[in-house]
Amino acid sequence: MIYLDNAATTQIEETAFSAMLPFLKGEYGNASAVYELARNSKRAVFNARKQCAALIGAAPNEIFFTSGGTESDNWALIGAYEAWKNQQSGADHPSSDGSAECAGSGTRGGHIITTAIEHHALLRTAEYLESLGVSVTYLKPDSEGFINASQVIEAIREDTFLVSVMTANNEIGTIEPVCEIADAVHSVRKDILVHTDAVQAYGQICLDAFAKHVDLLSASSHKLGGPKGVGMLYVRDGIRLAPFIRGGMQESGRRAGTENVAGIAGFGAAAEVSFAGIDAKIGRETELRDRLLAKICDITGVIINGPYEKGDYSKRLPGNISVCIKGIEGESALIMLDREGICASSGSACTSGAREPSHVLKAIGRADDEAKGSLRFTLSHHNTEEEVDRAAAVLSEIVSKLRARNRF
Ligand code: PLP
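Below is a summary of the structure that appears in this document. (Residues numbered from 1 in each chain as written. Predicted model: local features only at pLDDT ≥ 70, side-chain atom pairs only at ≥ 80, totals over all residues. Heavy atoms only, no water.)

1. Overview of the pairing of strand S3 (residues 111-115)
Okay, step 1: Counting buried residues in S3 gives five out of five residues, a clear majority hidden from the surface.
Okay, step 2: Of the pairings in the sheet, the one linking S3 to strand S4 (residues 135-139) comprises five bridges and is parallel in character. Across the sheet, the residue bridging to Thr-114 is Tyr-138, located in S4.
Okay, step 3: In terms of handedness, the path from S3 via helix H4 (residues 120-131) over to S4 forms a crossover that is right-handed.
Okay, step 4: Relative to strand S5 (residues 160-164), S3 runs parallel, the two being bridged by three bridges. Looking at the pairing, His-111 lines up with Thr-160 of S5. (Buried < 20%, exposed > 50% of the residue type's maximum accessible area, 1.4 Å probe, protein only. Helix = DSSP H or I, 4+ residues; strand = E, 2+ residues; numbered from the N terminus. Pairing = 2+ DSSP bridges. Right-handed = clockwise from strand over helix to strand, strands pointing away.)

Written as structure tokens, this is what we have:
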């Protein structure tokens, strides 16, 4: 089996697996309890908070564990909205139908700015906020998937309370200038919160200054060699954010629910391993990406999605390849790749199976029939040259067969 779908999920790192084991059996104490049996659980959660904070230059008390990237994104948006609304309710005097106008700046339902190429975890939450009366601006990227700071600044309104721009796109790998955007927003208005969905970037590229720039950051354990079902939200100390999961006093009373100690310990260990080996990992993945992409580009009719420059990992995630291949259907190619033991994806994992062309490819201007021929290969440092060479050779044969069948 050749696994080239590391943006969907990753194999668990040995260190992360070992870190989890004690908490799956003997060390079952509830991390919030006071007795001796809970001590190691508590220590493991404390340690993981430090390990996860280190990757973005945050303080441990700014890290809140969640059930994954989806929950973190939901919390960031809904929590920011509720905090803003609570603050407004003291000062506002809405009309009887609750829809009072705010001169020249839209309604008092509030306004957020995000992008048209976010993950569905973010987009569906933004749509939910729209159903509550919030206005949402979905910024359009350029043809390589970039959003720039001036676009964001131009979209700011008097009632804007949140900007959310992803760190790196899960389909086409584009790395957004998030710190620059955050600084530009804060230079105009300090009260606007800046969130970034860093699920695809955390542990993959260097983010060690991010806590200095953004207010909120989502990350997920299973994208960097940790277990599934655990993630985090970085919440800058002192910002207003309402809780999302209500209940007990875990996570300083901001995210209730008995801690998933084994998951959290595994996440922390995976984060530490990624942080320590980040340069080697980036170098290795960039090398493999360039090698595989060069071979794929030997096939005629291949368009690269997103920015690409050989050896560069500042604009595109080191392990990401996204292409559209003319004259084939990505879904058919995936099935044939699978028969040869090769795992890849067309668009994001969360949309594969759906017939609609990906919203990301549409947003960067791909025509529907081009987008249908899209394939994504996402590499990890565990892949080998032999694997990428075989994947390229198998893909080339599959493309010929599909084109013959489609008389392309
Ligand atoms: N955000 C992005 C950019 C993602 O790629 C994903 C998952 O693919 C998510 C959020 C959701 O993360 P999780 O699977 O941890 O819920």
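2. Considering empty space enclosed by the protein
Okay, step 1: Across all of its chains, the model carries two cavities of 30 Å³ or more by this definition.
Okay, step 2: What lines the largest cavity is a set of 21 residues, among which Asn-6, Gln-204, Lys-223, Glu-285 and Leu-379 lie closest to the centre.
Okay, step 3: When its residues are assigned to classes, the lining of the largest cavity shows five nonpolar, 12 polar and four charged.
Okay, step 4: Counting contributing residues per domain, the lining of the largest cavity is built from domain 1 (14-275) and domain 2 (279-406), each supplying no fewer than three.
Okay, step 5: Taken as a whole, the second largest cavity encloses approximately 60 Å³ of empty space.
Okay, step 6: As for the second largest cavity, its lining consists of Leu-55, Tyr-202, Gly-203, Ile-205, Cys-206, Leu-207, Phe-275 and Ile-278.
Okay, step 7: Of the residues contributing to the lining of the second largest cavity, the split by class is seven nonpolar, one polar and no charged. (1 Å grid on protein atoms, 1.4 Å probe; cavity = no way out; pocket = protein on both sides within 12 Å on 5 of 7 lines; lining within 4 Å. Points joined across faces, edges and corners; volume = space filled by probe spheres on them. Nonpolar A, V, L, I, M, F, W, Y, C, P; charged D, E, K, R; others polar. Domains from an automatic or database assignment.)

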